[in-house]
Amino acid sequence: MFEDVLRQSFRDFRLSRGEKRDLKSLVKRCGQDTHQLALARSEAFEMAQEAINESNQPDVLRWLEEVVKALQGSSASQPSAGAEVHFSPDDPCAERIIRMFQSTRRNADIAVFTITDNRISRAISDAHDRGIKIRIISDNDKSQDLGSDIESLAKSGIEVRVDQTEHHMHHKYAIFDHQHLLTGSYNWTRSASLHNSENFLITADDYLVGQFRKAFQRLWNSLG
């Protein structure tokens, strides 16, 4: 949706009132989905970088400045530091996780104790089908539970590794496009969505994302 408005306005390097209104409406619809807004800003910068030359530089930079301002939205409605939090069963947690997979462009690394929510499993499979590189780490005991989707995800061609120790791989986090971290107590199950008191946060903090990426890679290598 963002891309259509951006490309339309980019034709004349001018963000009209209507196009600005459309962008702000999309920002409002995104709510706390900072991942979508980050992707839209990235798209704008990529378009400007590809098209800019000496003759059109002022116009392109003016267009880019207006787009970035429009994508900022209202500071009162945006979470600080690019972070958001969700609590079950009050918030639509499963739907938010699904949207993360739908907006992912390149890869997702998942370390989750158990996955039994078929809605999330379908979102993972759909991402894999459109070429997203998926890696999953899960617990070996829970992967054999009734309703576990780990085996079916592995059979679909997704890379899966399970913990083989007497202890549990009890993490519940995922990293999207090496840029966004989702982590918390929330298990990817129907019970967590409908009944349990759970939580997770999503952040683009470079330090936190980097630390979780390193931890995931260490665990992935140890299970190879």
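Here the residue numbers are simple positions, counted from 1 along each chain's written sequence. Selection of residues for local features in this predicted model requires a pLDDT of at least 70, selection of side-chain atom pairs for listing and counting requires 80 or more, and totals for whole chains, interfaces and linings are taken over all residues. Side-chain calculation: all heavy atoms of the structure are included, whereas hydrogens and water are not.

Novice: Any chance you could explain the overall build of the protein chain here in plain terms?
Specialist: Helix and strand content of the protein chain: 10 helices and seven strands. Summary of the burial criterion: residues with accessible area below 20% of their type's maximum are buried, those above 50% are exposed, and those between are partly exposed, where the area comes from a 1.4 Å probe applied to protein chains only. Expressed as a percentage of its 224 residues, the buried residues of the protein chain come to 43%. Working rule for contacts: check all heavy atoms of both residues, and any pair within 4.5 Å makes them a contact. Taking as baseline every contact in the protein chain between residues at least 6 positions apart, the subset at least 24 positions apart corresponds to 73%. Exposure was quantified through the Shrake-Rupley algorithm and a 1.4 Å probe, taking into account, for residues, occlusion by the shown protein chains and nothing else. On the protein chain, roughly 12,100 Å² of surface is accessible, and the fraction owed to carbon and sulfur atoms is 47%. Where helices and strands are cited, they refer to DSSP runs of H or I of at least four residues and of E of at least two residues respectively, numbered from the N terminus.

Novice: How do you make sense of the environment of Trp220 when you look at a structure like this?
Specialist: When you line up the elements, Trp220 lands in helix α10 (residues 206-222). Note on Trp220: relative accessible area 5%, which makes it buried. Placed 57 residues apart in sequence, Trp220 and Asp163 show a C-alpha to C-alpha distance of 9.5 Å. Excluding anything up to four places from it in sequence, Trp220 contacts Arg135, Ile136, Ile137, Glu159, Val160 and Arg161.

Novice: What am I meant to see in helix α1 (residues 2-10) here?
Specialist: Three or four residues apart is the spacing at which side chains of an α-helix point the same way, because the helix has 3.6 residues per turn. Within α1, burial applies to Phe2, Val5, Leu6, Ser9 and Phe10. Down the axis of α1, the buried set is contained in an arc of 130°. They therefore lie on one face. In this description, one arc is meant: the one made by directions from the helix axis to the C-beta atoms.

Novice: I keep staring at the packing of aromatic side chains and nothing clicks. Help me out?
Specialist: Aromatic rings in a pair are described by how distant their centres are and how their planes are angled relative to each other. Within 6.5 Å between ring centres, the rings of Phe, Tyr and Trp (the latter by its six-membered ring) count as paired, and their orientation is classed by plane angle as stacked under 30 degrees, edge-to-face over 60, tilted in between. All told, the structure shown has seven aromatic pairs when counted by the stated rule. For the ring pair Phe101 and Phe176, a centre distance of 5.0 Å and an interplane angle of 80° mean the geometry is edge-to-face. Residue Phe101 is found in helix α5 (residues 93-103), and its partner Phe176 is found in strand β5 (residues 172-176); the two are separated by 75 residues along the sequence. Each member of the pair, Phe101 as well as Phe176, is classed as buried. Seen from their ring centres, Tyr186 and Phe200 are 5.6 Å apart, and the 75° between their planes marks the pair as edge-to-face. Placement of the pair is Tyr186 in the loop between β6 (180-184) and α9 (190-194) and Phe200 in strand β7 (residues 198-203), with a sequence separation of 14 residues. Exposure class is identical for Tyr186 and Phe200. Each is buried.

Novice: What is the right way to read the pattern of salt bridges from this model?
Specialist: Side-chain pairing between opposite charges can occur once the charged atoms of the two side chains come close. We define a salt bridge as a side-chain nitrogen of Lys or Arg found within 4 Å of a carboxyl oxygen belonging to Asp or Glu. Counted according to the given criterion, the structure contains 10 salt bridges. Note that Glu3 and Arg7 form a salt bridge whose closest N and O atoms lie 3.1 Å from each other. Of this pair, Glu3 and Arg7 both sit in helix α1, four residues apart, which is roughly one turn of the helix. What makes Arg7 partly exposed here is its relative accessible area of 43%. Residue Asp117 pairs with Arg190 through a salt bridge whose shortest N-O separation is 3.8 Å. Pair noted here: Asp117 is in the loop between β2 (107-112) and α6 (118-129) and Arg190 is in helix α9, with a separation of 73 residues, a long-range link.

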